[in-house]
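# Descriptive analysis of the structure
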Protein chains: 2
Amino acid sequence: MEFANYFPIFNKLTPAQQELLTASVKQATFPAGSLVHNGSMDCMGLIVVHTGQLRAYILSDEGREITIYRLFDHDICLFSASCMMRNIQFDITIEAEKDTTVWIIPPKLFGQLMEESVVVSNYANELMSSRFSEVMWLMEQVMWKRFDQRLADFLIQESNLEESTVLKLTHEKIANHLGTAREVVTRMLRYFQSEGMVKLTRGAVELIDMDRLENLQ
Amino acid sequence: MEFANYFPIFNKLTPAQQELLTASVKQATFPAGSLVHNGSMDCMGLIVVHTGQLRAYILSDEGREITIYRLFDHDICLFSASCMMRNIQFDITIEAEKDTTVWIIPPKLFGQLMEESVVVSNYANELMSSRFSEVMWLMEQVMWKRFDQRLADFLIQESNLEESTVLKLTHEKIANHLGTAREVVTRMLRYFQSEGMVKLTRGAVELIDMDRLENLQ
C-alpha cells in the first residue's frame, strides 16, 4: 500500500499494528481554499500529506491570522489530532492552499498506538520537536526581525514555492501569513516598489529585483 | 528517596529502571542570578526543580531577551537535554531567578529510558506539549496583545510570585522578560505612573492601583 511509503515508521510496527493501520487509514481530498481542520471544533486525526499544500495558522479574537507552518508531500501534522494529546492547549486551523490529498489516521487509533508502541511514541515526539522548532524560529522572526526583511523573506519563499516571480497574492493574504494588518503590507510593498524591487499590479506582486530582496534579509 | 516524589512517573518504571535512575540522578544548587544552562553550549540533562525559580529565555543576535517560561518546584525542563532530542533546533538559556536546588537526570540515561519505555516516551511528549502550549500562548500575546496589557500582566504576575506590591526590578530586566527595549518599558511605566497605577523609585516599581492594572488586561 502506498501509505506505507509516507509513514516513515511503518516498517517498525508489528504486523498486527501495520494491518490495523492499513485497514483504518482513510484518504481525503481538499480543494484549494477549503478548510481542513478547524481548531478545537473537530478532532480529525493525524494528517499525512500525499500531494498538495496545507497552511496551519492561528487566529486572534479579532480575526487576524499568522501562518505557523506549511505542510507539503510526506509531511505529517500532529495537531489535527490534538484532542488525544494531553497538555496541548492551543488551537490551530488548517486550510488547503492547493488541491490536496491526504491520509487520515483516526485519533483513537493513533492514541492507542502511542500507548502501546515506544516507536510510535518517540515518533510523535520527533514530529512535535520539529513543529516546536518551527514555532520557535517564527517567534524569533516576529520578535527580532525587521518587517521589511520578513516580507522579503516571505516573497522569496512564495516565489520558490510557485516557481514564478509573479505572485498572485492580495495584500490581505500576505498580511494573514505574516500576522500583521493589510495597511502595513501595502505600505511596505509600495516602498519596495519605489525602490524598484517589486512591481505591483491588481491582485499580484511581481518580484523584479531578487538580489536586492535577498540582501534585505 | 525524595526524588521519586518529584518525578511523576517514577512508580510506573520497572524496578531496574528505578534503581538506575536513583543511582544516576544528581543534585545541584544554583544561586540566584547564576546561569544554569547555556543554549547549545552544554547538554546537562533533564532538570527537575526541587525548590527555587528558574527562567528560560531566548536571546537575539543583538543580545535582546524574551522569557519563554519559568520553572518552579516540581517543574521539569526537557530542553536542557535537547541534545538527545532529535529535531530540536533551537537554543534556550536558563538562569536561576532565586536560589534553586534541582535534580539532574543525565541526558544519556533519559535517552535510553525514552528508547525502552513507552511510559517515559509518552511523558516526554506530555512535557513537550505543555511547553509548546506555553510558547503558543506567548506567541499570541506578542502578536496580538497591546504592550500596556502585556506589561500590566507581567507586573501582576510578578507581584503574585513575590507576594509583594513593591517589585525590585529594573526597567532593563522587565524589557528582557517581555522581549522589548528598555526605553519602551520606561515610557509605558511613566504613563502608568501618570495615570496613578504605579509609583516608580530607583530600581523598583510599586503597584498602587491593582484594579486598574488588572482592568487593562
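Here the residue numbering is sequential within each chain, running from 1 through the sequence in written order. The order in which chains are written sets their letters, starting at A; the order in which ligands are written sets their numbers, starting at 1. Per-residue local features of the predicted model are confined to residues with pLDDT of at least 70, and side-chain atom pairs are confined, for both listing and counting, to 80 or more; whole-chain, interface and lining totals are unaffected and use all residues. To obtain the side-chain values, all non-hydrogen atoms of the structure were included, while hydrogens and water were left out.

## Thoughts on helix α3 (residues 107-116) of chain A
Those residues of α3(A) that sit buried are A:Pro107, A:Leu109, A:Phe110, A:Gly111, A:Leu113 and A:Met114. Here, residues are in contact when the closest pair of their heavy atoms is within 4.5 Å. A run of H or I in DSSP becomes a helix once it reaches four residues, and a run of E becomes a strand once it reaches two; helices and strands are each numbered from the N terminus. Turning to α3(A), the residues buried within the fold contact α2 (15-24), β3 (46-51), β8 (100-105) and α4 (118-144) of chain A together with α4 (118-144) of chain B. Burial classes follow relative accessibility: with a 1.4 Å probe on protein chains only, a residue under 20% of its type's maximum area counts as buried, one over 50% as exposed, and anything between as partly exposed.

## Topic: unusual backbone geometry
In this model, A:Glu163 sits at a positive phi of 50°, which is unusual for a non-glycine residue. Take A:Glu163: its relative accessible area is 73%, and that puts it in the exposed class. A positive phi angle, close to 80°, is found at B:His74, a residue other than glycine. Assignment of secondary structure puts B:His74 in the loop between β5 (65-71) and β6 (76-77). Overall, the relative accessible area of 42% leaves B:His74 in the partly exposed class.

## Observations concerning the interface of chain A and chain B
With 41 residues of chain A at the contact, the number on the chain B side is 41 residues. Put simply, buried area is the surface a 1.4 Å probe can reach on two separate parts but cannot reach once they are joined, added for both. When chain A packs against chain B, close to 3,600 Å² is buried across both sides, 67% of that on carbon and sulfur atoms. A per-residue breakdown of the area chain A buries against chain B is headed by A:Phe132, A:Met139 and A:Trp144, which together make up 21% of the total. Put simply, a salt bridge is a Lys or Arg side-chain nitrogen that is within 4 Å of an Asp or Glu carboxyl oxygen. Applying the counting rule to chain A against chain B returns zero salt bridges. Any N or O atom pair separated by 3.5 Å or less is treated as a polar contact, with the protein-specific requirement of one donor-capable and one acceptor-capable atom, and with residues adjacent in sequence counted only for side-chain atom pairs. At the surface where chain A touches chain B, the tally comes to 15 residue pairs in polar contact (both at pLDDT 80 or more). In terms of residues, the side of chain A that touches chain B owes the most to one element, α4(A), which gives 20 residues. Under this grouping Gly is polar, as are all residues other than the nonpolar Ala, Val, Leu, Ile, Met, Phe, Trp, Tyr, Cys and Pro and the charged Asp, Glu, Lys and Arg. Classifying every residue of the side of chain A that touches chain B gives 22 nonpolar, 11 polar and eight charged.

## Regarding the sheet that holds strand β10 (residues 198-201) of chain A
In a beta sheet, neighbouring strands are held together by backbone hydrogen bonds and run either parallel or antiparallel to one another. Residues and elements named next belong to chain A. With antiparallel pairing, three strands are arranged side by side in an open sheet as β9-β11-β10. The open sheet has two edge strands with one neighbour each: β9 (166-167) and β10. Think of it this way: DSSP has to see at least two bridges between two strands before they count as a pair. One ladder, built from four bridges, connects β10 with strand β11 (residues 204-207); its direction is antiparallel. When the sheet's bridge partners are listed, Lys 199 is paired in β11 with Glu 206. Interaxial angles span 0 to 180 degrees and are taken between N-to-C directions of axes, which are lines fitted to C-alpha atoms, for helices over the stretch in contact. Where helix α7 (residues 182-194) meets the sheet, it contacts β10 and β11, and its direction lies at approximately 125° from that of β10.

## Side note on the confidence of the model for chain A
Close inspection of predicted coordinates is inappropriate in any region flagged by low pLDDT. As a per-residue measure, pLDDT reflects the predictor's confidence and takes values from 0 up to 100. Across chain A, pLDDT averages 93, with 99% of residues at or above 70. For this predicted complex, the interface score ipTM comes out at 0.89, while the overall pTM is 0.90.

## A few points about the nonpolar core
Counting residues in each nonpolar core, the largest one holds 110 residues, and the members touching the most others are A:Phe7, A:Ile92, A:Ile105, B:Phe7, B:Ile92 and B:Ile105. Formed by 21 residues, the second largest nonpolar core is a distinct cluster that contains A:Leu151, A:Ala152, A:Phe154 and A:Val198. Think of a nonpolar core as a cluster: buried Ala, Val, Leu, Ile, Met, Phe, Trp, Tyr and Cys residues, connected wherever their side-chain atoms sit within 4.5 Å.

## Notes on the relation of the copies chain A and chain B
Mapping between the two chain copies consists of a rotation about an axis together with a translation along that axis. For this overlay, a least-squares fit was computed on C-alpha atoms, restricted to residues scoring pLDDT of at least 70 in both copies. The two copies are related by a screw motion: chain A maps onto chain B through a turn of 180° and a shift of 0.0 Å along the axis, at an RMSD of 0.0 Å. The superposition operator between the copies reduces to a two-fold rotation axis. The position closest to the rotation axis in chain A is occupied by the C-alpha of A:Val118, lying 2.3 Å away. Of the residues that chain A buries at the interface, 100% are likewise interface residues in chain B, meaning the two copies contact each other through the same surface.

## Some words on the state of the cysteines
Put plainly, a disulfide is one covalent bond tying together the sulfur atoms of two cysteines. Residue and element names in this part refer to chain B. Here, the term disulfide refers to a pair of cysteine sulfur atoms separated by no more than 2.5 Å. Here the structure, examined in full by the defined rule, presents two disulfides over all chains. Across the disulfide, Cys 43 is cross-linked to Cys 83 (sulfur-sulfur distance 1.4 Å). Disulfide Cys 43-Cys 83: the torsion about the S-S bond is -50°, which places it as left-handed. Here Cys 83 lies in the loop between β6 and β7 (93-96) and Cys 43 lies in the loop between β2 (35-38) and β3 (46-51), a separation of 40 residues in the sequence.

## Observations regarding the packing of aromatic side chains
Residues and elements named next belong to chain B. Within 6.5 Å between ring centres, the rings of Phe, Tyr and Trp (the latter by its six-membered ring) count as paired, and their orientation is classed by plane angle as stacked under 30 degrees, edge-to-face over 60, tilted in between. In this structure the tally under the stated criterion is 19 aromatic pairs over all chains. Where Phe 3 meets Phe 7, the ring centres are 5.5 Å apart and the plane angle is 20°; that geometry is what we call stacked. One exposure class covers both Phe 3 and Phe 7, and it is buried. The rule is short: NZ of Lys or CZ of Arg within 6 Å of the ring centre and within 35 degrees of the ring normal puts a charge over the ring. Sitting over the ring of Tyr 57, Arg 55 keeps its end group 4.0 Å from the ring centre.

## Some points on helix α6 (residues 171-178) of chain A
Within the sequence span of α6(A), burial applies to A:Ile174, A:Ala175, A:Asn176, A:His177 and A:Leu178. Tucked inside the fold, the buried residues of α6(A) contact β4 (54-59), β5 (65-71), α5 (147-162), α7 and β11 of chain A together with α4 of chain B.

## Considerations on the sheet that holds β4(A)
Residues and elements named next belong to chain A. Spatially, four strands are ordered β2-β7-β4-β5 in an open sheet, and the strand pairing comes out antiparallel. In the strand order of this sheet, the two ends are held by β2 (35-38) and β5, each with one partner. Adjacent strand axes in the sheet meet at a mean angle of 25° when their direction is disregarded. In the sheet, β2 pairs with strand β7 (residues 93-96) via three bridges, with the strands oriented antiparallel. For His 37, the partnering residue across the bridge sits in β7 and is Ile 94.

## Side note on the packing of α5(A) against α6(A)
All names here are of chain A. Between α5 and α6, whose axes approach to 11 Å, the crossing angle comes to 110°. Taken as axis vectors, α5 and α6 run roughly perpendicular relative to one another. Each of Phe 147, Arg 150, Leu 151, Phe 154 and Leu 155 in α5 lies in contact with α6, whose residues at this interface are Ile 174, His 177 and Leu 178. Here the residues of the contact of α5 with α6 are counted per class, giving six nonpolar, one polar and one charged. Any angle that falls under 35 degrees is termed roughly parallel, while one over 145 is termed roughly antiparallel, one within 65 to 115 roughly perpendicular, and all others oblique.

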